[in-house]
Amino acid sequence: MGEEEQTTSYSFSTRAIHAGQDPEPTTGAVVTPISLSTTFAQDGVGGHKGFEYSRSGNPTRTALETQVASLEEAAHGLAFASGLAAEDNILRLLRPGQRILLGNDAYGGTFRLIAKVWSPLGFPWSAVDLTDLDALRADWPDDVGMVWLETPTNPLLTCFDIEAITAIAHEREAIVVVDNTFATPYLQQPLTLGADIVVHSATKYLGGHSDVVGGFVAVNDNELADRLRFTQNAAGAIPAPFDCYMVLRGVKTLAVRMERHCQNARAIVDLLVGHPAIERVLYPQLPDHPGHAAAAKQMRDFGGMVSFTVAAGQEAAMTVADSSEIFTLAESLGAVESLIEHPGAMTHASAAGSPLEVPDNLVRLSVGIEDAADLVADIEQALDRI
Ligand code: PLP
């Protein structure tokens, strides 16, 4: 696939399988080789074929970077060793004293990186309700350098209006980072809505099989890309070629997996809405969900994550999380198998006592691509155990 087709002519599913993945020219191998070489022969000093040393660039990584950049409608893609390594690389764009505005619901590890690693180094941060655009305009601190939002958020699945927030931030010369981990480029493409930077935990839906940790950054702006790539090489938080291959392989099936994740999530939501054990169901498709209008506007479908609060409180929520048979009690999300967790005690424990603390009766489901009826029956029997 030529360079132009990688971003333009072909549709999403075709690009997922072909962008950056032309057959290998010397052997014709259809599957992208895992290039383990750390160094590349030069025909005379400086006469390399695009690769010199694998931290700076590696053919398997380039294939992945081309593939996912194409799906995000981005001119540039950069792969990292983990989602947090990708986030850390982005935060290095800031100058000391520049503030990070973080949505008031986000992955606990993102909160920890910003509040516990970057803030003590002289980068102030505040948590804001990004659904309240009037308050955002009115209370905008002078020193903001970056707005950081997840949409849908982890774990409350709140959705934020990317286009509206970006307009407000750009008027005030701040850059906008969207963590697109929950939506994936199949459901939402933040760069097309004006955002400056997209970040992923590739460990989740991009990899899709709970067998690789990775991160990804996509941008259109050439100057931002140069600065990010400089730090990617200079700080060196790069993924191994094998890990790049695993994510590349996962992404080939992203579209079909996401369709099934969304369908199965809807079946679970149908069970939960109106169930006597449930206090509140959190799913962006529900009309009363925070940010439903934004989700309906900017997403193709509403995703595979479902959260809910249990009417009988924390202990009952823990019982539900402990009682499923197909849904495995485990952290992480976005893979073919269904997972269940208690965010307050697990993924979001680091946010306890902060503005990002989550309700203690909250349960989060990553709905997999197993048979929908089996998944519904499993959650039903877990709720019966309360
Ligand atoms: N962003 C979101 C929304 C996440 O859920 C996670 C991890 O759960 C991360 C970023 C961090 O990614 P990683 O675990 O790959 O470092």
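Residues numbered from 1 in each chain as written. Predicted model: local features only at pLDDT ≥ 70, side-chain atom pairs only at ≥ 80, totals over all residues. Heavy atoms only, no water.

### Considering the sheet that holds strand 7 (residues 215–219)
The pairing of strands in a sheet happens through backbone hydrogen bonds and is either parallel or antiparallel.
For step 1, the next point in the chain: Ordered by their spatial adjacency, seven strands build an open sheet running 1-7-6-5-4-2-3, and the pairing between neighbours is mixed. Here the strands that pair on one side only, and so sit at the sheet edges, are strand 1 (76–80) and strand 3 (125–128). Sheet twist, expressed as the average angle between the axes of neighbouring strands with direction ignored, equals 20°.
For step 2, the next point in the chain: Of the strands in this sheet, strand 2 (99–103), strand 3 and strand 4 (144–150) are in contact with helix 5 (residues 108–118), which crosses strand 2 at around 160°.
For step 3, the next point in the chain: Against the sheet, helix 9 (residues 222–235) touches strand 1, strand 6 (197–201) and strand 7, its axis set at about 20° to strand 1. (Pairing = 2+ DSSP bridges. Helix = DSSP H or I, 4+ residues; strand = E, 2+ residues; numbered from the N terminus. Axes fitted to C-alpha atoms, helices over the stretch in contact; angles between N-to-C directions. Contact = heavy atoms within 4.5 Å.)

### Quick notes on the site of the ligand
For step 1, the next point in the chain: The environment of the ligand is made up of 13 residues, and the closest members are Gly83, Asp179, Ser201, Thr203 and Lys204.
For step 2, the next point in the chain: Taking Gly83, its main chain carries an N or O atom lying 2.9 Å from an oxygen atom of the ligand.
For step 3, the next point in the chain: Within the side chain of Asn154, one N or O atom sits 3.0 Å away from an oxygen atom of the ligand.
For step 4, the next point in the chain: For the ligand, the accessible surface in isolation is 390 Å², of which the surrounding protein chains cover 91%.
For step 5, the next point in the chain: A per-element tally of the shell around the ligand places helix 4 (residues 83–91) first, with three residues.
For step 6, the next point in the chain: Grouping the constituent residues of the shell around the ligand by class yields two nonpolar, seven polar and four charged. (Near = heavy atom within 4 Å. Polar contact = N/O pair within 3.5 Å; in protein donor to acceptor, adjacent residues only side chain to side chain. Areas by Shrake-Rupley, 256 points an atom, 1.4 Å probe, with all protein chains shown as cover. Nonpolar A, V, L, I, M, F, W, Y, C, P; charged D, E, K, R; others polar.)

### Observations regarding the pairing of strand 3
For step 1, the next point in the chain: Note: strand 2 against strand 3, four bridges, orientation parallel. Bridging from a neighbouring strand, Leu102 pairs with Ala127 of strand 3.

### Observations regarding helix 13 (residues 314–323)
For step 1, the next point in the chain: Among the residues of helix 13, those classed as buried are Ala316, Ala317, Val320, Ala321 and Ser323.
For step 2, the next point in the chain: The inward-facing, buried residues of helix 13 contact strand 9 (305–310), strand 10 (328–329), strand 11 (339–341), strand 12 (362–366) and helix 14 (372–384). (Buried < 20%, exposed > 50% of the residue type's maximum accessible area, 1.4 Å probe, protein only.)

### Quick look at the packing of aromatic side chains
For step 1, the next point in the chain: One pass over the structure, following the stated rule, counts four aromatic pairs.
For step 2, the next point in the chain: Considering the side-chain rings of Phe12 and Tyr186, the 5.2 Å spacing of their centres and the 65° angle between planes classify their relative orientation as edge-to-face. With a gap of 174 residues between them, Phe12 in helix 2 (residues 12–18) and Tyr186 in helix 8 (residues 184–187) connect regions that are remote in the sequence. Here Phe12 matches Tyr186 in class, with each residue buried.
For step 3, the next point in the chain: For the ring pair Trp118 and Phe123, a centre distance of 5.0 Å and an interplane angle of 75° mean the geometry is edge-to-face. For the residue pair Trp118 and Phe123, the accessibility class agrees, reading buried in each case.
For step 4, the next point in the chain: Seen from the ring of Trp140, Arg172 lies directly overhead, with NZ or CZ sitting 5.7 Å from the centre.
For step 5, the next point in the chain: Above the ring of Tyr186, the side-chain terminus of Arg300 is found at 3.8 Å from the ring centroid. (Phe/Tyr/Trp six-rings, centres within 6.5 Å; stacked < 30°, edge-to-face > 60°. Lys NZ or Arg CZ within 6 Å of the ring centre and 35° of its normal.)

### Some details on the packing of helix 4 against helix 5
For step 1, the next point in the chain: Contact geometry of helix 4 with helix 5 gives a least axis separation of 11 Å together with a crossing angle of 45°. In terms of axis orientation, helix 4 runs oblique to helix 5. Note on packing geometry: the crossing formed by helix 4 with helix 5 is right-handed. Between helix 4, through Leu84, Glu87, Asp88 and Leu91, and helix 5, the contact on the second element is made entirely by Gly109, Thr110, Arg112, Leu113, Ile114 and Trp118. (Parallel < 35°, antiparallel > 145°, perpendicular 65-115°, else oblique. Left-handed = near helix turned anticlockwise from the far one by under 90°.)

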